[in-house]
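Secondary and tertiary structure notes
Listed here are the chains, written in short residue letters.
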There are 4 protein chains.
Amino acid sequence: MTSRKQEKFEMILDAAEKVIAENGFHGSQVSKIAKEAGVADGTIYLYFKNKEDILISLFQDRLGKLVDLFNSSIRDTSTADEALRKICEIHLSQLEQNVDLAYVTQIELRQSSLELRKAIGLAVKPYIVLIEQVLIRGIEEGSFRADLDTKLTRQLIFGALDEVVTSWLISGMKYSMTEQVEHTVDFFLRGLK
Amino acid sequence: MTSRKQEKFEMILDAAEKVIAENGFHGSQVSKIAKEAGVADGTIYLYFKNKEDILISLFQDRLGKLVDLFNSSIRDTSTADEALRKICEIHLSQLEQNVDLAYVTQIELRQSSLELRKAIGLAVKPYIVLIEQVLIRGIEEGSFRADLDTKLTRQLIFGALDEVVTSWLISGMKYSMTEQVEHTVDFFLRGLK
Amino acid sequence: MTSRKQEKFEMILDAAEKVIAENGFHGSQVSKIAKEAGVADGTIYLYFKNKEDILISLFQDRLGKLVDLFNSSIRDTSTADEALRKICEIHLSQLEQNVDLAYVTQIELRQSSLELRKAIGLAVKPYIVLIEQVLIRGIEEGSFRADLDTKLTRQLIFGALDEVVTSWLISGMKYSMTEQVEHTVDFFLRGLK
Amino acid sequence: MTSRKQEKFEMILDAAEKVIAENGFHGSQVSKIAKEAGVADGTIYLYFKNKEDILISLFQDRLGKLVDLFNSSIRDTSTADEALRKICEIHLSQLEQNVDLAYVTQIELRQSSLELRKAIGLAVKPYIVLIEQVLIRGIEEGSFRADLDTKLTRQLIFGALDEVVTSWLISGMKYSMTEQVEHTVDFFLRGLK
DNA sequence: CATGAATGAGCCTTCATTCAT
DNA sequence: GATGAATGAAGGCTCATTCAT
């Protein structure tokens, strides 16, 4: 019963992702998402409060899964250096492998109301915190500088990675982001030491 | 005649900046901008092709002035290190001193159509290139690593700075960005060496 | 079996009255009535043809009980004057004592479709006829003028009483309608003589 | 210029009256009113705040004209009796001659939200007050009883007249209301003496 | 050059009713 | 008999742009 509800919930999210990727944020009407999901317009509102709620849920769901992936990957690392490398690797490779997701999160969802952007900000926070935890771990390990401003630095790292993905998309995905992991990690680690 | 045209052109841009800062992107109708500028709605269309053209022009004008400021400031520097420091200083201090401008460029103008965002991307390009030129200069001076991927690194630096400003705005401008210049430059320079 | 059906039928009517009094006509969805009655949405349709049928039934049921009350009260009167006084007394006191009912019949149910209003008109008819019977009785008793247009006068009396209740509700029930019975009856009786 | 605005304002009100009379309250979409008035949908909103505002304005305009008519007619009367007779005459004859208006005010506009009904109540108030002024004049002239409750009696008279018109409409306008003036006035005057 | 009244396309959401379980 | 998830039609309002004056 609950699994059936969950199932339809995800069907609608999948449909929303596809529709937004194909039609852009402003071209994605609720009716289009409903059609893609194979349900009636009204059904959408049994699972989501309103259109904005679909978008927020989409972002939370996708980002939540990524953060889970980050967490489990980092657990197996023996040094903060390795953990940071994992973060960069996953961040860039995951979005490279999910172009629809990358397009929706980097380009389309940002064209939204302030309200929605705040909700998205909340969903991103756990990831930013995760980065900071790695920084703290590095300091404790004695591997990173003790005088780092961890709150500032987590922003520098997140912003840099975020821009790499956006630029890659806008350029038309003409190159491989995976190849950029090494240089990116290198830049960060030198900055941290 | 032309100077009169130029005058009204800038009046409209000033009005647009003020209206967007006060009402947000979605609350900024052409009629509101016209009223703020003291002209009729139709007059707007004697100076701009359409609404998008106002926004693009606004971004180009403001960013153009910033790039001029960057260029002249860098001209007087004796090392690439100093030039990069100047860039960070100006980037953060200028936007800290022009909250309206910061708000409009970092938050509001990003809620726009893909079309507009591409145009904004073009306007940002000269600034990104400027950063790259400093990187090249540093390599030539022997101050920065020769194996830097300058195209990647310029993105890392721009993205990091961009995120610092956005976070500062979203946090409610509770702290001073100027105080963050030192740590930020430090992080970059270590990454570059 | 039938009594069980009757029981649930009345539970739904009671729920409808309460929901309409609390939420107004336009705020009274079938689902809300079902919830208040403690049954599923679909169950409503086992007892009523459609939503309109609930409202008509509600009106008929409540008015029917009132008309019964009118009839039994009038039966015990010895003159037409006394009968008319009884009518006014019951009309105003009953609605004063049942604010929910008054609100629903005078304000909310009138915001309905023509279809529904016609059905309501039919339900009111017996009451109007009752008034006319008292008028005829008065003429036969020689107490009222013989030249009365009974069909017109029954409307004048009903309309006047109806307006008294509506005004009382709209004014916020700041005074007692019972205190107005005397003057009202007085006005009618003089008009009838 | 202002007269042109006034002209279009009235064109829209005329269109609204016609559309509502033909299609009923719930069948009167803004687009239908716009089409009937020969303007674009959006134009409606240059003259009215929203759909409700059209209806309120319609009621105010029509009732305002009626109240003007009442006032000027009463001015020429020499006794309160004559004034009351004028009120009944105009009330019934005007609505008999304007079936569309009668239908809209007595039937359709009452199927509206509480908000709208309150606004309508305000528009009716001046007319109710006018009736009361005649009552007071009658008392002062020594023609009506001094112990009349004028606030109650004005409601009785208004409610009675209102019901006469509604009944006439619902019955299918099968008889003449003008013929009922005499009996109606007679009933009222006896009640007042 | 400037005006501003007029245009009209476009979309989210509600809720009475149904029907498979 | 009872359930409640699913349906899908329907409409008020905004606002960028035009064009007659």
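Residues numbered from 1 in each chain as written. Chains lettered and ligands numbered in written order. Predicted model: local features only at pLDDT ≥ 70, side-chain atom pairs only at ≥ 80, totals over all residues. Heavy atoms only, no water.

With an unreviewed UniProt entry as reference, chain A is termed TetR/AcrR family transcriptional regulator, source organism Paenibacillus puldeungensis.

Further remarks concern the relation of the copies chain C and chain D. Each of the two chain copies can be generated from the other by rotation about an axis followed by a shift along it. At an RMSD of 0.2 Å, chain C and chain D line up after a rotation of 179° and a shift of 0.0 Å along the axis. Taken together, the turn and the small shift mark the pair as related by a two-fold rotation axis. With an isologous cut-off of 70% or more, the 97% of interface residues of chain C that recur at the interface of chain D puts this contact in the isologous class. (Least-squares fit on C-alpha atoms with pLDDT ≥ 70 in both. Contact = heavy atoms within 4.5 Å.)

Bringing the protein's contact with DNA strand F into the picture now. A:Lys8, A:Thr43, A:Tyr47, C:Lys5 and C:Thr43 are the nearest of the 29 residues found near DNA strand F. Within 4 Å of the protein, the contacting atoms of DNA strand F are drawn from sugar and phosphate to the extent of 69%. A distance of 2.9 Å separates a phosphate oxygen of DNA strand F from a polar backbone atom of B:Lys51. One nitrogen or oxygen atom from the main chain of C:Gly42 is found 3.1 Å from a base nitrogen belonging to DNA strand F. Of all elements in the fold, only helix H3 (41-47) of chain A, helix H3 (41-47) of chain B, helix H1 (2-23) and helix H3 (41-47) of chain C together with helix H3 (41-47) of chain D reach the threshold of two or more residues within the surface near DNA strand F. (Near = heavy atom within 4 Å. Polar contact = N/O pair within 3.5 Å; in protein donor to acceptor, adjacent residues only side chain to side chain. Helix = DSSP H or I, 4+ residues; strand = E, 2+ residues; numbered from the N terminus.)

Before going further, it helps to spend a moment on the interface of chain B and chain A. Each partner contributes to the interface: chain B provides 35 residues, whereas chain A provides 34 residues. For the chain B and chain A pair, buried surface summed over both sides reaches about 3000 Å², with 61% attributable to carbon and sulfur atoms. On the surface where chain B and chain A come into contact, there are two salt bridges. A salt bridge links A:Asp186 to B:Arg145, with the nearest nitrogen and oxygen atoms 2.9 Å apart. (Buried area = accessible area lost by both parts, 1.4 Å probe. Salt bridge = Lys/Arg side-chain N within 4 Å of Asp/Glu carboxyl O.)

With that settled, consider the relation of the copies chain B and chain A. When chain B is fitted to chain A, the best match, at an RMSD of 0.2 Å, comes from turning it 179° and sliding it 0.1 Å along the axis. Take the interface residues of chain B: 97% of them recur as interface residues in chain A, which is what a same-surface contact looks like.

We now examine helix H2 (residues 30-37) of chain A. Residues and elements named next belong to chain A. Of all the residues in H2, the buried ones are Val 30, Ile 33, Ala 34 and Ala 37. Down the axis of H2, the buried side of the element spans an arc of 100°, and every buried residue falls inside it. Just downstream of H2, Gly 38 is the residue with a positive phi angle, here 75°. (Buried < 20%, exposed > 50% of the residue type's maximum accessible area, 1.4 Å probe, protein only. Arc of directions from axis to C-beta.)

This paragraph deals with the domain arrangement of chain A. All names here are of chain A. Along its sequence, chain A is carved into domain 1 (1-48) and domain 2 (51-192). Centre-to-centre, using C-alpha coordinates, domain 1 lies 27 Å away from domain 2. The partner domain 2 presents 17 residues to the 18 residues of domain 1 that form the contact. The interface formed by domain 1 and domain 2 contains two salt bridges. Inspection of the region where domain 1 meets domain 2 yields four residue pairs in polar contact (both at pLDDT 80 or more). The set of elements that each furnish at least two residues to the side of domain 1 that touches domain 2 consists of helix H1 (2-23) and H3. (Domains from an automatic or database assignment.)

Right, let's talk about the nonpolar core for a bit. Counting residues in each nonpolar core, the largest one holds 137 residues, and the members touching the most others are C:Phe188 and D:Phe188. Once you skip the residues sitting within four places of it in the chain, C:Phe188 turns out to touch C:Leu84, C:Cys88, C:Ile157, C:Ala160, C:Leu161, D:Leu156 and D:Phe187. Core analysis: the second largest hydrophobic core is formed by 136 residues, A:Leu189, B:Val30, B:Leu156 and B:Leu192 among them. (Core = buried A, V, L, I, M, F, W, Y, C linked by side-chain atoms within 4.5 Å.)

We now examine the interface of chain C and chain D. With 35 residues of chain C at the contact, the number on the chain D side is 34 residues. Buried area between chain C and chain D, summed over both chains or domains, comes out near 3000 Å², and the portion from carbon and sulfur atoms is 61%. Taken together, the links from chain C to chain D amount to two salt bridges. In this structure, the connection of chain C to chain D is made through six residue pairs in polar contact (both at pLDDT 80 or more).

Next up on the list: the arrangement of the chains. Between chain A and chain C there is no contact, and the shortest C-alpha to C-alpha distance separating them is 14 Å. You won't find any contact between chain A and chain D; their C-alpha atoms come no closer than 22 Å.

With that settled, consider the protein's contact with DNA strand E. Close contacts around DNA strand E come from 30 residues, with A:Gln29, B:Lys8, B:Thr43, D:Thr43 and D:Tyr47 the closest. For DNA strand E, the fraction of protein-proximal atoms (within 4 Å) that sit in sugar or phosphate groups is 69%. Within the contact set of DNA strand E, a base nitrogen lies 3.2 Å away from a backbone nitrogen or oxygen of D:Gly42. Elements with a minimum of two residues in the surface near DNA strand E: H3 of chain A, helix H1 (2-23) and H3 of chain B, H3 of chain C together with H3 of chain D. With five residues, the single largest contributor to the surface near DNA strand E is H3(B). Class assignment of the residues belonging to the surface near DNA strand E gives a composition of 13 nonpolar, ten polar and seven charged. (Nonpolar A, V, L, I, M, F, W, Y, C, P; charged D, E, K, R; others polar.)

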